[in-house]
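# Topology and contacts: notes
The chain contents come next:
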Amino acid sequence: MLLKDFYQLDELNKISDTQYEAFVTLNKNHEIFDGHFPGNPVTPGVCMMQIIKELTEEIIGSTLFMKQSSNVKFMAIINPNTNPKLKLNLDVVGDVSSEFKIKNATYFEDTLALKMTNTYEVK
């Protein structure tokens, strides 16, 4: 984990051949929130992208390098004090001999907070 103690993976479920559902809990006391932003913490988008990458690495069992990111839409602010529990839906398509395309939708409660598509190369 690149961001030590930033989040905890609570559950990772395979829904179908390509679809997975992950539940994570953000650490509201992590030092990154001291600067982003004091008194009004917001989960940085780049940290969410890192969580998606790490979950995908867990799913496929290989180290990945981000090649491309598209259709990135931050739809709601993820405040770790009010919404530390997230559900990530991941559609993982590809194979270890080439690349993977990941479609993600991240929710807190019933709120869609993030949608993005990332393409990764296997390292």
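Each value, and the rule that gives it
- Residues numbered from 1 in each chain as written.
- Predicted model: local features only at pLDDT ≥ 70, side-chain atom pairs only at ≥ 80, totals over all residues.
- Heavy atoms only, no water.
- Pairing = 2+ DSSP bridges.
- Helix = DSSP H or I, 4+ residues; strand = E, 2+ residues; numbered from the N terminus.
- Axes fitted to C-alpha atoms, helices over the stretch in contact; angles between N-to-C directions.
- Contact = heavy atoms within 4.5 Å.
- Core = buried A, V, L, I, M, F, W, Y, C linked by side-chain atoms within 4.5 Å.
- Buried < 20%, exposed > 50% of the residue type's maximum accessible area, 1.4 Å probe, protein only.
- Salt bridge = Lys/Arg side-chain N within 4 Å of Asp/Glu carboxyl O.

## Details of the sheet that holds strand S4 (residues 85-94)
Strand order in the open sheet formed by six strands is S1-S2-S4-S5-S6-S3, with antiparallel pairing between adjacent strands. Taken across any chain shown, the strands that pair with only one partner, and hence form the sheet edges, are strand S1 (7-14) and strand S3 (64-74). This sheet shows a mean twist of 20° between the axes of neighbouring strands, independent of strand direction. Strands S1, strand S2 (19-26), S3, S4, strand S5 (99-108) and strand S6 (111-122) of the sheet are contacted by helix H2 (residues 45-60), whose axis makes an angle of about 55° with S4.

## A word on the nonpolar core
Grouped together as the largest cluster of nonpolar side chains are 28 residues, with contacts concentrated most on Ile51, Ile52, Leu86, Leu88, Leu90 and Val92. Listing elements by their share of this core, those giving two or more residues are S2, H2, S4, S5 and S6. Sort the elements by how many residues they give to this core and H2 lands first, with eight residues. The contacts of Leu86, once residues within four sequence positions are left out, are Ala22, Phe23, Val24, Leu26, Met48, Ile78, Thr106, Tyr107 and Phe108.

## Remarks on the pattern of salt bridges
When the charged atoms of two side chains with opposite charge come close together, those side chains can pair. Using the criterion set out here, one finds four salt bridges in the structure. Its salt-bridge partner being Lys87, residue Glu21 comes within 3.9 Å of it at the nearest N-O pair. Here the residue Glu21 occupies a position in strand S2, and Lys87 occupies one in strand S4, the gap between them amounting to 66 residues. Across the pair Glu57 and Lys53 runs a salt bridge whose closest N-O atoms are separated by 2.9 Å.

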